[in-house]
Amino acid sequence: MNGLQEVETRKYTKPPQMPGLPALGSALELMRSPLAFFVRGYHELGSVYRVRAANRDLYVLAGRQANLFMTQKGDGVLHSHELFGDFARELETEIFLVAMDGAPHRHLRGEMRDGYAREAYMRYLPEMGALIQNTARAWRVGETIPATRMLQRLVSRQLSQAIANFDAEPYFDALSVFLNTIMNAAVLKTWPRIMLKNPRYVRAKRRVMDMAREILRRHREEPVAGRAPDLIDDLLHATTIDGKPLSEAALIAATVGPMIAGIDTAANTLSFLLYSLLKNPDVLARVQSEAQRVPAAEYPTFAELKAMRALHGAALETLRLYPVAFAVPRMSVAEFEFDGYVVPKNQEVFVASGVTHYLPEFFPEPYQFDIDRYDAPRQEQRKAGVFVPYGLGAHTCLGAGMAELIIMFTTAMLLRTVELTLAPSDYVLRVRNMPLPRPDNRFGLRVMALKNGGAQ
Ligand code: HEM
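Here the structure is a predicted model, which means the values were calculated and not measured.

Participant: Any chance you could explain the overall build of the chain here in plain terms?
Facilitator: Along its length, the chain carries 17 helices and twelve strands. Rg of the C-alpha trace for the chain: 22 Å, near the compact-globule value of 23 Å for 456 residues, within the 12% margin. Taking the principal axes of the C-alpha coordinates as reference, the chain spans close to 75 × 55 × 40 Å.

And the structure:
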């Protein structure tokens, strides 16, 4: 068969299917190590294949062509609403950024851009520095800190400060239950929907809504004075595409939005980064010496952080090796063709964006933690469509600049304040997906010494 005939024939055949177990299909493997599963599928079946997971049939698009397709044309045929709609309904509004598409989505995204920008975090660098330092100085030498949980708490406090001039600390446990349940039960559907009626979740949701109302109340009662406007100030003046102010439910959803999108993503990435540094002492030494160069009583400025090339390389390498959002779930709203196959309308599709991170043609020795990939002359991340930790297309992460700053600043401040080792010392990474990937609960940080005047 010549090439043209082969393409013509493909149009009338379905893409290949990943073999799986009789009833469950590939559900277990997908739950256990989804990214490794998508990489294997790409190597064995190519850039488009079908997966059955219990009663769901998915199409997976993977590889550089899939990433480029999603960036250039994907948003016209692959929508978010159908998948994130349940999430929006839980918040009792249809105006919720991740669940919107097309022009109304673009408009709302524009209204929120400044509030999510890196500058919103930079304004508070001294406060963020003090928060991280005080957190670490409260630890005792010899103590073991549960890494991911501590980082999630720390990130939630930083995010709420940057976004809303508010400290979310008293709400952290509720945020955590709310986020886990809604992601698993309403978006990924790895938990039954009935979990949305679970009293623990219902209580957590009520408390998170109370937090949002309190943030909105304070912003209404104390309009900007002596500080730059933040996301919440902007939301109070924002409109939908048809010029109407946001409803109270839409305001509440947009107030909790950054916490939902930002806490686990940034904190889990930080957790993988600290693990990688502590596992690679030579890299740790390079990053530590950069972090230590800033005078002891101060915190690194943005310019100083930008100059920390080893820390930057380590952050990017962590985002490559451990992309916490390694696939974008979508629903096809029209039939379309990809790589010669037809994807039908109303089909659940995963664009497995993270697969390219593991392809040796783009990242030689892809399983090696190599922080020097990103600087000249190598710059392996530069090729379009190969390094996409923040997603693709219209919904690309709105908080990417802020996330990178949180990750670099928190790491630099922790390394300046405290000396850490892995706990247990022979800990080997095991990734849990709950719902986003993170090191499992055995991963701890042992405090070896406090630096810069911390109490011993
Ligand atoms: C390492 C940290 C982070 C990673 C890897 C990450 C990744 C992503 C990805 C892949 C998406 C696209 C999801 C999709 O297309 O369905 C996304 C969307 C989004 N992210 Fe992030 N994110 C991170 C941190 C943050 C932070 C800290 C914030 C808030 C300050 C944030 C706010 C958002 C928002 C608002 C969206 C939705 C954008 C839209 O729908 O238009 N993210 N993120």
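Participant: Sorry if this is basic, but what is going on with helix α10 (residues 172-187) here?
Facilitator: At 3.6 residues per turn, the α-helix brings residues three or four places apart onto the same side. If you check α10, its first and last C-alpha atoms are 21 Å apart, about what 16 residues at 1.5 Å a residue would give, namely 22 Å. Within α10 the residues assigned to the buried category are Ala174, Leu175, Phe178, Leu179, Thr181, Ile182, Ala185 and Ala186. Those residues of α10 that are buried are in contact with α5 (81-90), α9 (147-164), α11 (199-221) and α13 (248-279). Just past α10, the residue Lys189 takes up positive phi, approximately 60°.

Participant: For this particular structure, what's the right way to read the sheet that holds strand β9 (residues 418-423)?
Facilitator: Sheets are built from strands paired through backbone hydrogen bonds, the pairs being either parallel or antiparallel. Strands sit in the order β4-β12-β9 across an open sheet of three strands; the sheet is antiparallel. Whereas interior strands pair on both sides, the edge strands pair on one side only; in this sheet they are β4 (144-146) and β9. Across the sheet, the mean angle separating the axes of adjacent strands is 35° when strand polarity is ignored. As paired elements, β9 and strand β12 (residues 444-450) share six bridges and run antiparallel to each other. Within β12, the residue paired with Glu419 across the bridge is Ala449. Where α9 meets the sheet, its contacts fall on β4 and β12, and the angle it forms with β4 comes to roughly 65°.

Participant: So what exactly am I meant to see when it comes to the site of the ligand here?
Facilitator: Near the ligand you find 25 residues, and of these Gly262, Ala325, Gly391, Cys397 and Gly399 are the closest. Broken down by element, the residue count for the shell around the ligand peaks at seven residues, all from α13. Across the shell around the ligand, the residue classes break down as 16 nonpolar, eight polar and one charged.

Participant: What exactly am I supposed to notice about the pairing of strand β2 (residues 56-62) here?
Facilitator: In regular strands, side chains alternate between the two faces of the sheet. Looking at chain direction, strand β1 (residues 48-53) and β2 are connected through six bridges and run antiparallel. Counterpart to Arg52 in the pairing with β2 is Asp57. Taken together, β1 and the strand that follows it, β2, pair antiparallel across an intervening segment of two residues, in which Ala54 is found at a positive phi of about 50°. Examined bridge by bridge, β2 and strand β8 (residues 348-352) share four bridges and lie parallel to one another. Paired with Tyr59 across the strands is Val349, a residue of β8.

Participant: I would appreciate a short explanation of the nonpolar core in the present structure.
Facilitator: As a rule of thumb, soluble globular proteins bury nonpolar side chains together. Counting 135 residues, the largest nonpolar core has Phe38, Leu61, Val351 and Ala352 as the members making the most contacts within it. If you tally residues by element for this core, the top one is α13, at 19 residues. Those residues in contact with Val351, other than ones at most four positions away along the chain, are Leu61, Ala66, Met70, Gly74, Ala327, Val328, Arg330 and Leu392.

Participant: For this particular structure, what's the right way to read the sheet that holds β8?
Facilitator: The mixed open sheet is built from five strands, whose spatial order is β1-β2-β8-β5-β3. Because the sheet does not close on itself, it has two edges, and the strands there are β1 and β3 (78-79). Against the sheet, helix α3 (residues 34-45) makes contact with β1, β2 and β8, and its axis sits at roughly 75° relative to β2, the strand it touches most. Set on the sheet, α5 makes contact with β3 and β5 (328-332); between it and β5 the angle comes to about 110°.

Participant: What is the right way to look at unusual backbone geometry in this model?
Facilitator: Peptide bonds are trans in most cases, and residues, glycine excluded, mostly fall at negative phi. With an omega of 0°, the peptide bond between Ala376 and Pro377 qualifies as cis. Within the fold, Pro377 resides in the loop between β8 and α17 (400-417). Looking along the chain, the bond that leaves Ala423 and enters Pro424 is cis, with omega of -5°. By secondary structure assignment, the location of Pro424 is in the loop between β9 and β10 (431-433).

Participant: What's the story with the pairing of β5 in this structure? I'm lost.
Facilitator: As paired strands, β3 and β5 are joined by two bridges and run antiparallel to one another. When the bridges of β5 are listed, His79 appears paired with Met331. Note that β5 and β8 share four bridges and pair antiparallel. Considered in β8, the bridge of Met331 is made with Glu348.

Participant: So what exactly am I meant to see when it comes to α5 here?
Facilitator: Inspection of α5 places Leu83, Phe84 and Ala88 among the buried residues, and these make up the whole buried set. End-on, the buried residues of α5 take up no more than an arc of 130°, which puts them together on one face. Tucked into the core, α5 has its buried residues touching α10 and β5.

Participant: Looking at this model, I keep getting lost on the packing of α5 against α10. Mind explaining?
Facilitator: For any two helices packed against each other, the geometry is given by the interaxial angle and the distance between the axes. Remark: α5 packs on α10, axes separated minimally by 8 Å, with the N-to-C direction vectors making an angle of 130°. Judged by the inter-axis angle, α5 sits oblique to α10. Crossing of α5 over α10 shows right-handed handedness. For the pair formed by α5 and α10, the contact residues are Leu83, Phe84, Asp86, Phe87 and Glu90 on the first element and Ile182, Ala186 and Val187 on the second. When the residues that make up the contact of α5 with α10 are grouped by side-chain class, the tally is six nonpolar, no polar and two charged.

About the thresholds
- The residue numbering used here restarts from 1 in each chain and proceeds along that chain's sequence as written.
- This being a predicted model, a pLDDT of at least 70 is required before a residue's local features are given, and a value of 80 or more before pairs of side-chain atoms are given or counted; all residues contribute to the totals for chains, interfaces and linings.
- Under the DSSP-based scheme used, a helix requires at least four consecutive residues in state H or I and a strand at least two consecutive residues in state E, with every element numbered from the N terminus.
- Every radius of gyration here is taken over C-alpha atoms, with the globule rule written as 2.2 Å times N^0.38, N being the number of residues.
- Helix span is expected to be 1.5 Å times the residue number reduced by one.
- Each residue is classed by its C-beta neighbour count within 10 Å, where at least 20 other C-beta atoms makes it buried, 12 or fewer makes it exposed, and intermediate counts make it partly exposed; the C-beta atoms are placed from backbone geometry.
- For the purpose of contact definition, each residue receives a C-beta atom placed from its backbone, and two residues are in contact when these atoms lie within 7 Å.
- Here a strand pair is declared whenever DSSP counts at least two bridges between the two strands.
- Helix axes use the C-alpha atoms of the stretch in contact, all axes being lines fitted to C-alpha atoms, and the angles between their N-to-C directions lie in the range 0 to 180 degrees.
- Here, nearness means that the C-beta atom of a residue, built from backbone geometry, sits within 6 Å of the molecule or strand in question.
- Classes in brief: Ala, Val, Leu, Ile, Met, Phe, Trp, Tyr, Cys and Pro nonpolar; Asp, Glu, Lys and Arg charged; the others, Gly included, polar.
- By convention the nonpolar core is taken to be a set of buried residues drawn from Ala, Val, Leu, Ile, Met, Phe, Trp, Tyr and Cys and joined through C-beta atoms within 7 Å.
- Working note: the arc is built from the helix axis to C-beta atom directions.
- Each angle is binned into one of four classes, with values under 35 degrees roughly parallel, values over 145 roughly antiparallel, values of 65 to 115 roughly perpendicular, and all other values oblique.
- Two helices crossing with the near one rotated counterclockwise from the far one by less than a right angle form a left-handed crossing, whereas a clockwise rotation gives a right-handed crossing.

Such coordinate-based values are descriptive only and should not be taken to indicate function.
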